[in-house]
Amino acid sequence: MRKKLIAIFAGLISSLILPFLVSSASAEEVRSMKLWAREQAAGPAPHTAALIIAQTLNELGLDITVNAVPWPQMADQVWYKRLDEDTWDLTMWQMVSRPERSDPDEFTYNLFHSSTAEKGYNFIGYVSSAYDELAEKQRVTMDPDARKQIVDQAQQLLADDAANAYLVHPLLNFAYDNTQFKDGSAIEQAGLGIKNIWTYLNIEPINGNNDLVAQSLDEIQAINPFFISGGTDSWITEIVWDRLLRIGPNGTPQPWAAESFNWVNEQTIDVTLRSGMSWHDGQPVTTEDVIFSFEAPMDAEMVPMYSPFVKNIDSMEDMGNNVVRFNLKSSNAAFLTSTLAKINLVPKHYYGPIIDSLKGTGNNAETIIEEKRIGSGPFKFVDWRQREQVILEANSGHFNPPKINRWIMKEIPNVEAALGMFRKGEVNFLTDYKGDPAVLANIVEEDGDITLVKSVDVGFQYMAMNHRRAPFDDVNFRRAVSLAIDRDVMVNAAWAGNAVKAGSHISPALSFYHKDGITEFETGIDLAKKILEDAGYTVKNGRLHYPEGVSEKH
Amino acid sequence: MIAEIYKIFKENNYATIGVCIYLFFILVAIFADLIATNDPLRINFSSSGLARNLPPSWEYFLGTTSNGRDIFSQLIYGSRNALAVGLSAALAVAILGTIVGLISGFYGGWIDNLIMRLADIALGLPFLPFVIVLAAFLGPSSWNVVIAIGLLLWPNAGRIIRSQVLTLRERGYIESAKVSGCSNFRIIFLHIAPNILPLSFLYGSIAIGWAILTEASVSFLGFGPSDVISWGYMLQDAYSSQALSLGAYIWFIPPGICIVLMVVAGFFISRGYEEILFPKIKK
Amino acid sequence: MFDFWSIVRRFLYMLFVLWIVATIIFFMFRLMPGSPLTAFIGTTFTDEQHDLLVKRFGLDKSLFEQYTLFIVNTLKGDFGLSFTYNKPVINMIIEALPNSIILTLFSLVIAYIFGVIAGAYLAWKRATFIEGFSIPIVLTTRSAPEFWLGMIALAFFSFQLDIFPSGGTSAAGVIYETTLSKLTSLHFYYHLILPSLVLALYLQGLPLLLMRSNMLEVMQEDFVTMSKMKGLSSWRIVIYHAARNALLPVATAFTLGVGFAFGGNVVIETVFSWPGLGRLLVFAVSSSDYPLAQGAFIFLTAILILMNFLADLLYLFLDPRVSYKTKN
């Protein structure tokens, strides 16, 4: 409050007196700004990062204060009020990992294409026709090598434009009790760590143990093939319902419920359904079910969450012999990942009537309150006690049956209790650890029976700048801000060594599409000062001023 | 008044201890700038990077937090927030409760009725949940607790004071004041108010503990401000930074003890007071 | 002995208070800053979807319309759909309610049994070293933040000594077929012990002090001195009279305590991952799930007001000096 008053006072004085004193100098002071961040409890590392960044940038003559608020407030300002006159300037932000994000398309297109600037993911308002062209081109380029080149160019362009100040790709920490599971039987998936379906299928219980007891800090909100509210829900839907393809441990889509697939041409793909599969209620999985599974989400009012992923499907045909043909509206390199490996296969005989009964009621498939949950996946749904635990049971009739008997997930809202339970053995697989990695490392050392696996995240942490507002509409200013931040300090101080430097939106975990050397750039306060100086910015009385003739309002 | 307070000290050890504790914290709060060895919010760096989770040393008496902040200095500055929240809540309850009780008891009739209905509504709101909702409504701030206490806890004081006023009103000297043409205002504030001040004081001192405990709970649940150092914030910080697993007792035990001391001091004082006011429990 | 109609009137008045509180809460949530749907960001969320949601939750109607609808639906027991769970709020509350009720009652019973006995004992030991020592301790237990005690209890009894489980209502993999089978399972009570003890530690102070002061009052009376002189078992007489005297305030405090503890449980439920109404409220508020928060809050309020009402009735039945009319 006092600070605010002083700022207002100073502003008053300068606007009243300065014109008389220095009537010739037209340079305008860069306004005081807020760096938005989540409150500390929501993520200690990004919070610390924000504090350090503010300290650093203020050395450039800026006046930045960290504004730590709960998520709804931050989202409201940054996301919904992005077009307002007096909105956010700087914000800490993150993109989290999801299996389908192992294809570069989602980040490359959605985060930066100008079409998503007004309402979509491009909340920073980055607009570049050169970039739009690249983003569109990578989408329709089917040859991986050619596509990689385009994605490389896109990463470089974003770096040159200093679109975001990328900070780090955090390391994911997962751990399991190796007296209950065979050491090394967990499988690492690129960018996701060992918490993935491949681990659940392959991990070997030993010493009489049968259950994998996982844990989640967030509450599970829905177990529904047509709706996930957040990451945790998807851990369950992913293994209860099969998909035609699955993202393999190496990050590329591979056949799953589909025995094979074949591109007839760039806009037509034939998918052969594996024979002999059955639903959890014993009925066989048919091509009719497959077609239903992709048709249901086409009704955007009924299945709003998944409808974007089937938008590109023009039609489907049952070709006989378990083959389904997908005719696409346009060729799309990410189709395998973002559609075939994303849409849950559901039995028509069960979900068909449910969806029909919902039509015209004003409710949609997201509100289904199921008596049963029927999929064909490697795990069957058994029980869910809200805010407590979910119990799944192995589907022994599955073509890839798990070695564990039950998959249980406890919902434990705080990390300390979760860790306590893990140490006591009430939880035997730490699947959601957002706490201090050093604490976990200590415990692993003390305990001796814990296997800890760290992996680089597909997601990333960054500081976003609002390109719509001066001074962030100036690429030089953005570059200076981004380069002032020492990424080593970020990694070592804020993330306590539990992260790797980030230089683009493609994680090194996705080694194929990650542009080599993009994380190697010089940083430092002197470099930043020089960039600003060269661009005509000046420092007067300790505060940064715009180049002459440039003003906040155009 | 003064004689009464003197009596409390003389005859009641509890109250003396309570007042001593308060005096101690008040001194700490006043001289926080001198006592604290660091800026409680600054992130400290050591030669090897962030000065995180350091054990106690001459530089950091109680070590540092996971964010590299000085725990001792946080503890010292925390007393300011506790006193500010506690005393303003006490004032709010005492003032509101007294005014409401006086008016309601003295005037009676529809005013009394209205006030007592309002009291029923205030007592019908669950306290901690209301503070949480209020924090969501007004944004995180320590003042939410004070506002909530002001809004919800006045009826307890108000009701007791009202019944006290009801009996006082019938006393002879009030009657004579009325007859001699004193204005109502004068009667209320000159003749009745001094007699119920001890009651206001009692409820005020109870509110101090309430406020500090509630502030801590609200901070712990994550609805407190993140840029104001309070003991509740420290506990929340320690808990979410896993001080338990770190075995950093030096981090989460002292703020708890400070809260206990501050609250218990309030109880001690109000207890000593109670014994004066309701002598039947007295020795 | 009592006037039936005055009780009915009192009951109607209780409903009136509930209505006012519900109204206050409704407007607080509606006038909150930020779009009520922000909780949904992070999914692939299009404009059409946003509009659809706005319509589904009735947020496109005028505030007054929303309010009338809210009151009508609440009367029907319909608290709307939770934004985040997409489920009827009432179902979620009904699922959480038994857990909260059991936790509250269990800890109150422990607290009151202990408090009454210890209070009587301390009165008996008046002006001894034990009393001088105990009273400050009792006051201290009332001064410690519950969550802090919970943290320490958790660290010590669960993580260090491994005597008690660290949270939830069951170990991993245990299935309770029905609410009844849960509430009759020993396993459930094993998980209940630690949180209830922490809660009871906080709650025992009030009955203890009440009982003690009643005892002291009785002990000063002449007949006690008399019976002492006669060599009768004075302890029994004192207990008998003190218990009779203390019954009313203790019973009233218990009833009020139920309503009060319900709201205060929020913190303990969070520390011990206890799936009760309080945690539901915290979750709902922090994820801006207004229908859920509203529903949970109104339930907590209803319990509190109902308990206030019952305490009034108790007073009426147990205290011969108070007739309902004079009190009103």
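Residues numbered from 1 in each chain as written. Chains lettered and ligands numbered in written order. Predicted model: local features only at pLDDT ≥ 70, side-chain atom pairs only at ≥ 80, totals over all residues. Heavy atoms only, no water.

A. Highlighting the interface of chain B and chain A. Counting residues at the interface gives 24 residues for chain B and 26 residues for chain A. Between chain B and chain A, roughly 1900 Å² of surface is buried when both sides are summed, and carbon and sulfur atoms account for 49% of that area. Our count for the contact surface shared by chain B and chain A stands at 1 salt bridge. As a salt-bridge pair, Arg52(B) and Asp436(A) come within 3.5 Å of each other at their nearest N and O atoms. Summed over the shared surface of chain B and chain A, the result is 5 residue pairs in polar contact (both at pLDDT 80 or more). Going through the elements one at a time, α10 (231-240) and α11 (243-246) of chain B are the ones with two or more residues in the side of chain B that touches chain A. At 5 residues, α10(B) tops the list of elements feeding residues into the side of chain B that touches chain A. (Contact = heavy atoms within 4.5 Å. Buried area = accessible area lost by both parts, 1.4 Å probe. Salt bridge = Lys/Arg side-chain N within 4 Å of Asp/Glu carboxyl O. Polar contact = N/O pair within 3.5 Å; in protein donor to acceptor, adjacent residues only side chain to side chain. Helix = DSSP H or I, 4+ residues; strand = E, 2+ residues; numbered from the N terminus.)

B. Highlighting the nonpolar core. Leu244(A), Phe294(A), Phe326(A), Leu340(A) and Trp407(A) are the most contacted members of the largest nonpolar core, which totals 256 residues. Tallying contributions element by element places helix α9 (residues 184-220) of chain B first for this core, with 16 residues. Sequence-distant contacts of Phe294(A), defined by excluding residues within four places in its chain, comprise Leu244(A), Val310(A), Ile313(A), Met316(A), Phe326(A), Thr339(A), Leu340(A), Ile343(A) and Leu345(A). Counting residues in each nonpolar core, the second largest holds 45 residues, with Val168(A), Ala484(A), Tyr537(A) and Leu544(A) among its members. (Core = buried A, V, L, I, M, F, W, Y, C linked by side-chain atoms within 4.5 Å. Buried < 20%, exposed > 50% of the residue type's maximum accessible area, 1.4 Å probe, protein only.)

C. The pattern of salt bridges, seen in detail. Counting across every chain of the model gives 29 salt bridges over all chains. Taking the shortest distance from any N to any O, the salt bridge between Asp120(B) and Arg117(B) comes out at 3.6 Å. Of the two residues, Asp120(B) and Arg117(B) are both situated in helix α5 (residues 109-123); the distance of 3 residues between them amounts to about one turn of the helix. What makes Asp120(B) buried here is its relative accessible area of 12%. One network of salt bridges, in which partners are shared, links Arg31(A), Asp86(A), Asp89(A) and Arg469(A).

D. Local environment of the pairing of strand β17 (residues 460-465) of chain A. All names here are of chain A. Counting buried positions along β17 gives 6 out of 6 residues, so the element sits mostly inside the fold. Side chains Phe460, Tyr462 and Ala464 project from β17 onto one buried face, and the interleaved Gln461, Met463 and Met465 project onto a second face that is buried too. The pairing of strand β3 (residues 90-95) with β17 spans 6 bridges and is antiparallel. Each bridged residue has a counterpart across the sheet, and for Met92 the counterpart in β17 is Met463. The pairing of strand β4 (residues 164-177) with β17 spans 4 bridges and is antiparallel. For Tyr166, the partnering residue across the bridge sits in β17 and is Tyr462. (Pairing = 2+ DSSP bridges.)

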